[in-house]
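Reading the structure
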Amino acid sequence: MSDLLNTPNTDIQTHTEAGVTTITLNRVSRKNSITAGMYAAMADALVTAAADASVRVVVFQGHETIFSAGNDIGDFLNASPSTQDAPVFRFLHGLSDFPKPVIASVCGPAVGIGTTMLFHCDLVYAGDNAAFSMPFVNLGLCPEAASSLLVPQMMGYHRAAEALLLGEPFMVEAALEVGLVNRIVPPAQANALAQAQARKLAAKPLTSLIETKRLMKSGQAARVTAQIKEEAVSFGRMLSEPAAREAFTAFMEKRKPDFSKV
Ligand code: COA
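Note that this is a predicted model, so its numbers are computed, not measured.

For an α-helix, the turn length of 3.6 residues means that residues three or four places apart are oriented alike. For helix H9 (residues 206-218), which comprises 13 residues, the first-to-last C-alpha distance of 18 Å matches the rise-based estimate of 18 Å (1.5 Å per residue) to within 8%. Of all the positions in H9, only Leu206, Leu209 and Lys213 are classed as buried. Buried residues in H9, looked at end-on, bunch into an arc of 60°, giving them a common side. Of the residues in H9, the exposed ones pointing more than 90 degrees away from the buried face are Thr207 and Leu215.

Next up, the structure:
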């Protein structure tokens, strides 16, 4: 029997069945770019899933053609997250601290936080059309979600520099090679694979899952939290600086940004 929880924000759909809460980004017309309201809905869904003893696993999924275009750039212009309790940071801390297993099913582009959130997921299954990018520098910003710590750790410093300084995208094969992705499948099979793996986890003792995840993460949990906070201070400041304003305005005006004067 399925139980559809209608979160107030319909761009995020939360569905719980057989011990698995599935959070779906459902704003395909805007390429699943994420607004403050969507971050708030996802943060709330994580709080609910953590507290509900019947929930053992969370799955994030997007659409077969797009995982997420990252933060909504109009929101960046008009409703910048300026404090540590802004919905985006509530979501990031909720995900990073989430005690139960989290799986992501990723198809199509995963931009910005669409990629950085994956470093906090325990398992990532990807469609063969998945592509990853963290173009913060191209937007006059800096990394978030502790990606300045976790990306070099996983990919090695020089590959991280291509991704974070040059803002170059990388394809799903590279993501598999560095260990960001567990398995590549045809896009139409990614969600089903994520659900099948979630069901396997949901059949295991929750106490063991929670303790194993805690132990795997405990070595640097405090450091990750501190890095998210430090990045948020810089990110919040840079959002209102000239480089970012030029990048956002250029995106909205569908032109290339001109950083020559900033
Ligand atoms: N914020 C707001 N709107 C966005 C968006 C975002 N992050 N990403 C896409 N959109 C909008 C586009 O402006 C476009 O709107 P329009 O129909 O009014 O023109 C619509 O969604 C479709 O996007 P489009 O760029 O035409 O789709 P695409 O398939 O050609 O490209 C992406 C998909 C994801 C590669 C591309 O949209 C993109 O690079 N988006 C910006 C990503 C970004 O820089 N995010 C911030 C990271 S911090």
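Having seen the model, we can carry on.
The next subject is the site of the ligand. Lining the immediate surroundings of the ligand are 13 residues, of which Arg30, Ala69, Asn71, Ile73 and Lys254 lie closest. Contact distances for the ligand include 3.1 Å between an oxygen atom and a side-chain N or O atom of arginine 30. A distance of 2.6 Å is found between an oxygen atom of the ligand and a side-chain nitrogen or oxygen belonging to lysine 254. In the complex, the protein chains occlude 65% of the 880 Å² of accessible area that the ligand would expose alone. Given that more than half its atoms are within 2 Å of the pocket grid, the ligand belongs to the second largest pocket. Each residue belonging to the shell around the ligand can be placed in one class, and the counts come to six nonpolar, three polar and four charged.

With that settled, consider the layout of surface pockets. Counted as a void, the largest pocket has a volume near 800 Å³. Around the largest pocket sit 32 residues that line it, and Cys121, Asp122, Lys213, Met216 and Lys217 are the ones nearest its centre. Elements that contribute at least two residues to the lining of the largest pocket include exactly strand E7 (123-127), helix H5 (147-155), H9 and helix H10 (221-238). Sorting elements by how many residues they give to the lining of the largest pocket places H9 first, with nine residues. Here the residues of the lining of the largest pocket are counted per class, giving 17 nonpolar, ten polar and five charged. Counted as a void, the second largest pocket has a volume near 680 Å³. Around the second largest pocket, the lining is made up of 31 residues, and of these Ser33, Ala69, Asn71, Ile73 and Phe251 lie nearest the centre. Of all the secondary-structure elements, those providing two or more residues to the lining of the second largest pocket are helix H2 (73-78), helix H3 (87-96) and helix H11 (242-252). Tallying contributions element by element places H11 first for the lining of the second largest pocket, with four residues. When the residues that make up the lining of the second largest pocket are grouped by side-chain class, the tally is 18 nonpolar, seven polar and six charged.

Another aspect to go through is the pattern of salt bridges. Applying the stated criterion to the full structure yields ten salt bridges. Note that aspartate 122 is salt-bridged to lysine 213, the shortest N-O span being 2.8 Å. A residue pair is termed long-range when its members are at least 10 positions apart, and aspartate 122 in the loop between helix H4 (113-116) and E7 and lysine 213 in helix H9 qualify at 91 residues. Assessed through its relative accessible area of 28%, aspartate 122 is described here as partly exposed. Overall, lysine 213 belongs to the buried group, its relative accessible area being 7%. Close ionic contact of glutamate 211 with arginine 214 constitutes a salt bridge, the shortest N to O distance being 2.9 Å. Of this pair, glutamate 211 and arginine 214 are both found in helix H9, three residues apart, which corresponds to roughly one turn of the helix. Note on glutamate 211: relative accessible area 36%, which makes it partly exposed.

Rules used in this analysis
- Residues numbered from 1 in each chain as written.
- Predicted model: local features only at pLDDT ≥ 70, side-chain atom pairs only at ≥ 80, totals over all residues.
- Heavy atoms only, no water.
- Helix = DSSP H or I, 4+ residues; strand = E, 2+ residues; numbered from the N terminus.
- Expected span 1.5 Å × (residues − 1).
- Buried < 20%, exposed > 50% of the residue type's maximum accessible area, 1.4 Å probe, protein only.
- Arc of directions from axis to C-beta.
- Near = heavy atom within 4 Å.
- Polar contact = N/O pair within 3.5 Å; in protein donor to acceptor, adjacent residues only side chain to side chain.
- Areas by Shrake-Rupley, 256 points an atom, 1.4 Å probe, with all protein chains shown as cover.
- 1 Å grid on protein atoms, 1.4 Å probe; cavity = no way out; pocket = protein on both sides within 12 Å on 5 of 7 lines; lining within 4 Å.
- Sits in = over half its atoms within 2 Å of the grid points.
- Nonpolar A, V, L, I, M, F, W, Y, C, P; charged D, E, K, R; others polar.
- Points joined across faces, edges and corners; volume = space filled by probe spheres on them.
- Salt bridge = Lys/Arg side-chain N within 4 Å of Asp/Glu carboxyl O.

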